[in-house]
Amino acid sequence: MKNFLVKTIANAGALAVAVWLLDKITLTGDSTGKKIGTLVLVALLFGLVNFLVKPIVKVLTFPLFVLTLGLITLIVNALMLMLTSWVCGKLDLSFHVEGFWTAVLGGLIISVVSWVLHIVLPDKD
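Residue positions within a chain follow its written sequence, with the count starting from 1. A pLDDT threshold of at least 70 governs which residues receive local features in this predicted model, and a stricter bar of 80 or more applies before side-chain atom pairs are shown or counted, although totals over entire chains, interfaces and linings include all residues. Heavy atoms from the whole structure form the basis of all side-chain values; hydrogens and water molecules are not counted.

A. Spatial organisation of the confidence of the model for the protein. Think of pLDDT as the predictor's per-residue confidence, scored from 0 to 100. Of all residues in the protein, 97% have pLDDT values of 70 or greater, and the mean over the chain is 91. Numbering of helices and strands starts at the N terminus; helices are DSSP runs of H or I of at least 4 residues and strands are runs of E of at least 2. The least confident element of the protein, judged by mean pLDDT, is helix α1 (residues 2-21) at 89; the most confident is strand β2 (residues 95-97) at 95.

What follows is the structure, given as structure tokens:
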């Protein structure tokens, strides 16, 4: 359970950095508390999308992973971020990613920040 909490906090932190750095990834809210709550919900949703959908996409695009030496991972991460944005829109959460190239850059930022936060934060159950 602690590992799940750490991963959710790391995802929320990475999403916050992407929102802060990129103008076309937006998170709106009335107050800071609402923004933090929305960010945690988006992080949970992003984790769920990565847990359920990403493995299927990776299996289906395996030849592209081999052909591009793994660079297709950037595209897969962008698609997962765009899917999260779409689901957030359906759930009336105030998180939106505008455009594919913004999603690519956002996915790259989220991957790097998550990696750093997973190194810093404890990971033991």
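Next comes the rest of the description.
B. Examining unusual backbone geometry more closely. Look at Leu-69: it is not a glycine, yet its phi comes out positive at around 55°. With respect to the helices, strands and loops of the structure, Leu-69 is situated in the loop between α4 (62-67) and α5 (72-90). One non-glycine residue with positive phi stands out, namely Asp-92, at about 60°. Inspection of the secondary structure puts Asp-92 in the loop between α5 and β2.

C. Molecular detail of the side chain of Thr-102. For Thr-102, the location among the structural elements is in helix α6 (residues 100-120). For every residue, the accessible area obtained with a 1.4 Å probe (protein chains only) is divided by the maximum for its type, and the residue is called buried under 20%, exposed over 50%, and partly exposed between those limits. Residue classification places Thr-102 among the buried positions, given a relative accessible area of 14%. Under the rule applied, a polar contact is a pair of N or O atoms within 3.5 Å (in protein, one hydrogen donor and one hydrogen acceptor; residues adjacent in sequence only if both atoms are side-chain atoms). Within the structure, Thr-102 has its side chain in polar contact with the backbone oxygen of Glu-98 (distance 3.0 Å). Working rule for contacts: check all heavy atoms of both residues, and any pair within 4.5 Å makes them a contact. Other than its neighbours up to four places away in sequence, Thr-102 contacts Leu-22, Lys-24, Ile-25 and Val-97.

D. Molecular detail of the environment of Ser-111. Along the chain, Ser-111 turns up in helix α6. The partly exposed category is assigned to Ser-111, whose relative accessible area is 32%. A C-alpha to C-alpha distance of 9.0 Å links Ser-111 and Asn-11, two positions 100 residues apart in sequence.

E. Molecular detail of the pattern of salt bridges. We define a salt bridge as a side-chain nitrogen of Lys or Arg found within 4 Å of a carboxyl oxygen belonging to Asp or Glu. On inspection of all chains with the given rule, the structure shows one salt bridge. Where Asp-30 meets Lys-34, a salt bridge forms, and the shortest distance between an N and an O atom there is 3.7 Å.

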